[in-house]
Amino acid sequence: MEIKEIKNKLKKLGIKSGDTIMIHGDAGIAEQINTKSKKKTNILFNEIIKIIGVKGNILIPSFTYSACEKKVFNVLNTKSVLGKFSEDFRKKTKVKRTEHPIFSFLVYGKKFNYFKKSKIDTCFGKDSLFDRFKKINGKIICMGCSFNRVTFIHHVEEFFNVNYRYKKKFDSKIKIKNKIISRKIEYFVRKLNQRSSLNLQYFYKKLLRKKSIKETNLGRYNINVVSAKVLFNDCLEALNKKKNYLVQK
């Protein structure tokens, strides 16, 4: 895969200068790039940065689940559990991290403070990072990974108050520089005694039928893009018709 193909395919999907994008990705998509450089994920990130420009923003999950495991979340040093794609972005210059001890995000761009000010006592509720992302109608991208990875779906589930999840509070400790602060975090968790694992294949097909989502390939991997507000509204529509729509077999 040639480097220029990254730019061409993302522009085909409607990614443009000034966009705020949330990327769920697999490092394998970067490994396809035809280059002798060992820093292929960096090349991929740099190409995306060129497309969104100086007014654009990139968010990549760097989840840790530290609060759930009763561990201190060190904003600077705790590794993401999501693998190489996330970890390579965390190590880039000019990338900053939000302070949520379960669902932290890496942010590149001028809107970092906007996302940093999101509430950390909720994971998916009002004024969470996901709520703020929806308000500015950011675009959600899956690059080489399953659509089931789209964590924004949990924001819709909490708004709808699905019956297969419930709110549970976790005590957390967050290390910011040399200071440790304590917070109680409300997490809309799965009920393990009933069907609660996401199965978004039906919803994804619905989005395709409605032309709410755009998809193409990048090498041997699939990539797709959907706006947060469209995803939110289409998901609510589906849940209103069938409350267990997102977890059906």
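As the structure is a prediction and not an experimental result, all values here were calculated from the model.

Engineer: Can you lay out the sheet that holds strand β9 (residues 214-218) for me, pointing to particular residues and giving the numbers?
Structural biologist: An order of β4-β5-β2-β1-β6-β10-β9 is seen for the seven strands of this open sheet, with the pairing classed as mixed. Lying at the two open borders of the sheet, with one neighbouring strand each, are β4 (95-97) and β9. If you compare each strand with its neighbour and ignore which way they point, the axes differ by 25° on average. As judged from the five bridges shared by strand β1 (residues 20-25) and strand β6 (residues 139-143), these two strands associate in the parallel manner. Residue pairing in the sheet places His24 in a bridge with Cys142 of β6. In the packing of helix α9 (residues 228-241) onto the sheet, the strands contacted are β6 and β10 (221-227), and the crossing angle to β10 comes to about 85°.

Engineer: Summarise the packing of aromatic side chains; cite the residues concerned and give the values.
Structural biologist: Tallying each qualifying case throughout the model produces 18 aromatic pairs. Ring centres of Phe63 and Tyr65 lie 6.5 Å apart, and the angle between their planes is 75°; this geometry places the pair in the edge-to-face category. Judged by its relative accessible area of 27%, Tyr65 is partly exposed. Where Tyr114 meets Phe115, the ring centres are 5.0 Å apart and the plane angle is 75°; that geometry is what we call edge-to-face. Given a relative accessible area of 25%, Tyr114 falls into the partly exposed group. Judged by its relative accessible area of 0%, Phe115 is buried. Aromatic rings pair up to connect Phe63, Tyr65, Phe103, Phe105, Phe124, Phe130, Phe170 and Tyr187 into one cluster. Above the ring of Phe159, the side-chain terminus of Lys134 is found at 5.6 Å from the ring centroid.

Engineer: I'd like to hear about helix α1 (residues 3-12), residue by residue, with values.
Structural biologist: The set of residues buried in α1 consists of Ile6, Lys9 and Leu10. One side of α1 carries all its buried residues, which in axial view fall inside an arc of 95°. Turned more than 90 degrees away from the buried face of α1 sit Lys4 and Lys12, all of them exposed. Elements in contact with the buried residues of α1: α3 (40-52), β9 and β10. Directly beyond the C-terminal end of α1, a positive phi value near 95° is found at Gly14.

Engineer: Describe the sheet that holds strand β3 (residues 72-74), and please don't skip the residues or the numbers.
Structural biologist: Judged by pairing direction, the sheet is mixed, and its three strands sit side by side in the order β3-β7-β8 without closing on themselves. Two strands bound the open sheet, and with one partner strand each, they are β3 and β8 (179-190). Between one strand and the next, the sheet's axes are offset by a mean angle of 40°, whatever the strand orientation. Examined bridge by bridge, strand β7 (residues 165-176) and β8 share twelve bridges and lie antiparallel to one another. For Arg165, the partnering residue across the bridge sits in β8 and is Arg190.

Engineer: Help me get a handle on the environment of Lys12, residues and values and all.
Structural biologist: Considering the arrangement of structural elements, one finds Lys12 in helix α1. In this structure, the C-alpha to C-alpha distance between Lys12 and Lys210, residues 198 residues apart in sequence, is 18 Å.

Engineer: Describe in detail the pattern of salt bridges, supporting the description with residues and values.
Structural biologist: A full pass over the atoms with the stated rule returns 18 salt bridges. Of the charged contacts, one joins Lys9 and Glu5 as a salt bridge, the two residues approaching to 3.3 Å between their closest N and O atoms. A residue pair is termed a helical-turn pair when its members lie 3 or 4 positions apart in one helix, as Lys9 and Glu5 do in helix α1 at four residues. Look at Lys9 and you get buried, because its relative accessible area is 16%. A salt bridge links Asp88 to Lys84; the shortest N-O distance between them is 2.9 Å. In this pair, Asp88 and Lys84 both sit in helix α4 (residues 84-90), four residues apart, roughly one turn of the helix. Here Lys84 falls in the partly exposed class, since its relative accessible area comes to 42%. Here the salt bridges share partners, and the residues they tie into one network are Lys206, Lys210, Asp234 and Glu237.

Cut-off values and rules
Residues numbered from 1 in each chain as written. Predicted model: local features only at pLDDT ≥ 70, side-chain atom pairs only at ≥ 80, totals over all residues. Heavy atoms only, no water. Pairing = 2+ DSSP bridges. Helix = DSSP H or I, 4+ residues; strand = E, 2+ residues; numbered from the N terminus. Axes fitted to C-alpha atoms, helices over the stretch in contact; angles between N-to-C directions. Contact = heavy atoms within 4.5 Å. Phe/Tyr/Trp six-rings, centres within 6.5 Å; stacked < 30°, edge-to-face > 60°. Buried < 20%, exposed > 50% of the residue type's maximum accessible area, 1.4 Å probe, protein only. Lys NZ or Arg CZ within 6 Å of the ring centre and 35° of its normal. Arc of directions from axis to C-beta. Salt bridge = Lys/Arg side-chain N within 4 Å of Asp/Glu carboxyl O.

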